[in-house]
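The lines below spell out each chain.
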Amino acid sequence: MVETWLVELLKGTGRFFLHPVLYYLVFLAGILGVKRVKRERKNFHIRAEDAYFELRQLFPIGIVIGLVLSIVTIAAGVAVPFAAILLIAFFTLIWSLTTNIRLMSPAYTIGAAFFAIIIIAQNSWSVPLFSKAFSSIGDKVYPSMVVILGLLLLAEGILIFRNASKGSSPKLAKSKRGQVVGVHEVKRLWMVPLFLLVPGNALHLPFEWWPVFHLGAKEYSLLFVPFAIGFHQQIKGMLPKVAIELHGRRVIILGGLISLLSVGGYWFPLMSIVVAALAVVGRELLALFAYLKDDSMMSYFSKKNNGVMIIGVIPESPASKMGLQVGEIISKANGVLVRDEQTFYEALQKNRAHCKLEVFDTNGEIRFVQRALYEGDHHELGVLFVQNERKYDEKLG
């Protein structure tokens, strides 16, 4: 029995590398990085993070969360039809083509697949190339799909809270009053892999009650399936880290609620339909609420009377090594009052070997930072400001 499980585990892992979504996510993450760098260079003549940043965020934390959730899904014996996996991959592709990356949230990809499989089963539609997979689904509601939706929604919230604020991208845009202001934007993709049981001919059921979310089959196979999680948020009214972590906590609460309610669908199939709809509507309302709240606030990154506000810090630059943070205001440089970017750099030129700054932190308290400057250091210290004298056509959306 143990040997059979090990063999199936290895086979299921091997199939993971045959799944097109894995390679598609790598491609999309690369595109996101290139587009971000191009926009940052347009706004600031320099990029913040390199073009591979989004690609580096795609795997590590998502794989860890996926392995933890895999233990839960295997222990509970969460089983899904192969047709569901095909549909989830299909809607991942379709929603990505809209270029709205947040539509790759599990609420929309798995939610759409759940309702599609019900419609296909009810109408006995034939799907070309995969007629066998879809002919076996029968006229059923699959509560296991909603269980996975809830778990991945929970994973999405954790990923937003823990990872999304890292490397948020500064950009310049026009406010409703036509003034150039700074905003921060996050477009992030994560890949969360899950081990799932699908009807097959490899594993015999060891217990009468297992799998809990059975499909009526007597034998199952293991598949290691990559799931996409997309996130997009633009922030102008507060510090990006604060806004993003708040949004992440709300998605965690929604994911936890959906996960708990989804279990009831095993006994009451109609409940699965209600909970799946709640997941889609709830996720959309959270995104709408975050947008409306931010839109109602004054621009956080705008011209200040007491100095110049930092909208971005280049990684590994002198500014980064000095501990300067996004949202802080530089009021003096080398003893000279700073009112705009030009006076800031003129003050730095007074002492090319040393830099001493007087800074208001995000709590409004004054602190002093200083550092020796060396040949080869970034000539502009590595700080990005809102450059009010420029003209930009981009509008806040």
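Scroll up a little and you will see the structure.
Residues numbered from 1 in each chain as written. Predicted model: local features only at pLDDT ≥ 70, side-chain atom pairs only at ≥ 80, totals over all residues. Heavy atoms only, no water.

A. The overall build of the protein, seen in detail. Assigned secondary structure in the protein consists of twelve helices and nine strands. Sorting the 397 residues of the protein into buried and exposed places 51% on the buried side. Partitioning the intrachain contacts of the protein with sequence separation of at least 6 by distance along the chain shows that 73% fall at a separation of at least 24. Here the protein has roughly 19,300 Å² of accessible surface; of this, 63% comes from carbon and sulfur atoms. (Helix = DSSP H or I, 4+ residues; strand = E, 2+ residues; numbered from the N terminus. Buried < 20%, exposed > 50% of the residue type's maximum accessible area, 1.4 Å probe, protein only. Contact = heavy atoms within 4.5 Å. Areas by Shrake-Rupley, 256 points an atom, 1.4 Å probe, with all protein chains shown as cover.)

B. View of the pattern of salt bridges. Enumeration according to the criterion identifies nine salt bridges in this entry. Of the charged contacts, one joins Arg36 and Glu54 as a salt bridge, the two residues approaching to 2.6 Å between their closest N and O atoms. Of this pair, Arg36 sits in helix α2 (residues 20–44) while Glu54 is found in helix α3 (residues 53–58), placing the two residues 18 residues apart along the sequence. Summarising the burial analysis for this pair, Arg36 and Glu54 share the class buried. Across the salt bridge formed by Arg56 and Asp50, the nearest N and O atoms sit 3.1 Å from each other. Residue classification places Arg56 among the partly exposed residues on the basis of a relative accessible area of 42%. (Salt bridge = Lys/Arg side-chain N within 4 Å of Asp/Glu carboxyl O.)

C. Layout of empty space enclosed by the protein. Considering all chains together, one arrives at three cavities of 30 Å³ or more under this definition. Roughly 100 Å³ of volume is contained in the largest cavity. In terms of lining, the largest cavity is formed by Gln233, Gln234, Ile235, Met238, Ala243, Leu246, His247, Arg250, Ala290, Lys293 and Asp294. Secondary structure elements with two or more residues in the lining of the largest cavity: β3 (219–235), α9 (240–262) and α10 (269–295). When residues in the lining of the largest cavity are grouped by element, the largest group, four residues, is from α9. Per-class residue counts for the lining of the largest cavity are five nonpolar, three polar and three charged. Here the second largest cavity is characterised by a volume of approximately 60 Å³. Every residue along the wall of the second largest cavity is listed here: His19, Val21, Ile85, Ile88, Ala89, Thr92, Val225, Pro226, Phe227 and Ala228. When residues of the lining of the second largest cavity are traced back to their parent elements, those giving at least two are α5 (82–96) and β3. The residue makeup of the lining of the second largest cavity, split by class, is eight nonpolar, two polar and no charged. (1 Å grid on protein atoms, 1.4 Å probe; cavity = no way out; pocket = protein on both sides within 12 Å on 5 of 7 lines; lining within 4 Å. Points joined across faces, edges and corners; volume = space filled by probe spheres on them. Nonpolar A, V, L, I, M, F, W, Y, C, P; charged D, E, K, R; others polar.)

D. The arrangement of the packing of helix α8 (residues 143–164) against α9 in detail. In contact at an axis separation of 7 Å, α8 and α9 are set at 165° when each is read in the N-to-C sense. Compared by their axis directions, α8 and α9 come out roughly antiparallel. Judged by the twist between their axes, the crossing of α8 over α9 is left-handed. Its residues assigned to classes, the contact of α8 with α9 comprises 15 nonpolar, eight polar and three charged. (Axes fitted to C-alpha atoms, helices over the stretch in contact; angles between N-to-C directions. Parallel < 35°, antiparallel > 145°, perpendicular 65-115°, else oblique. Left-handed = near helix turned anticlockwise from the far one by under 90°.)

E. Broad picture of unusual backbone geometry. Not every positive phi belongs to a glycine, and His45 is a case in point at roughly 65°. Even without being a glycine, Asn334 presents a positive backbone phi close to 55°. By secondary structure assignment, the location of Asn334 is in the loop between β5 (329–333) and β6 (336–337). For Asn334, a relative accessible area of 22% translates into the label partly exposed.

F. Main features of the side chain of Glu245. You can see Glu245 is positioned in helix α9. For Glu245, a relative accessible area of 17% gives the class buried.

G. Fine view of the packing of helix α6 (residues 106–123) against α10. In the contact formed by α6 and α10, the axes pass within 10 Å of each other and the chain directions differ by 150°. The crossing of α6 and α10 is left-handed. From α6, Ala107, Tyr108, Gly111, Phe114, Phe115 and Ile118 reach across to α10, where they touch Ser272, Ile273, Ala276, Ala277, Ala279, Val280, Arg283 and Glu284. A per-class count over the contact of α6 with α10 returns ten nonpolar, two polar and two charged.

H. View of helix α12 (residues 341–349). Glu341, Phe344, Tyr345, Ala347 and Leu348 are the residues of α12 that are buried. Axial view of α12: buried residues confined to an arc of 155°, hence all on one face. Where α12 is buried, its residues contact β4 (308–313), β5, β6, β7 (354–360) and β9 (383–385). At the N-terminal end of α12, a side-chain oxygen is found 3.2 Å from the backbone nitrogen of Gln342, two or three residues along, and the residue is Asp340. (Arc of directions from axis to C-beta. Polar contact = N/O pair within 3.5 Å; in protein donor to acceptor, adjacent residues only side chain to side chain.)

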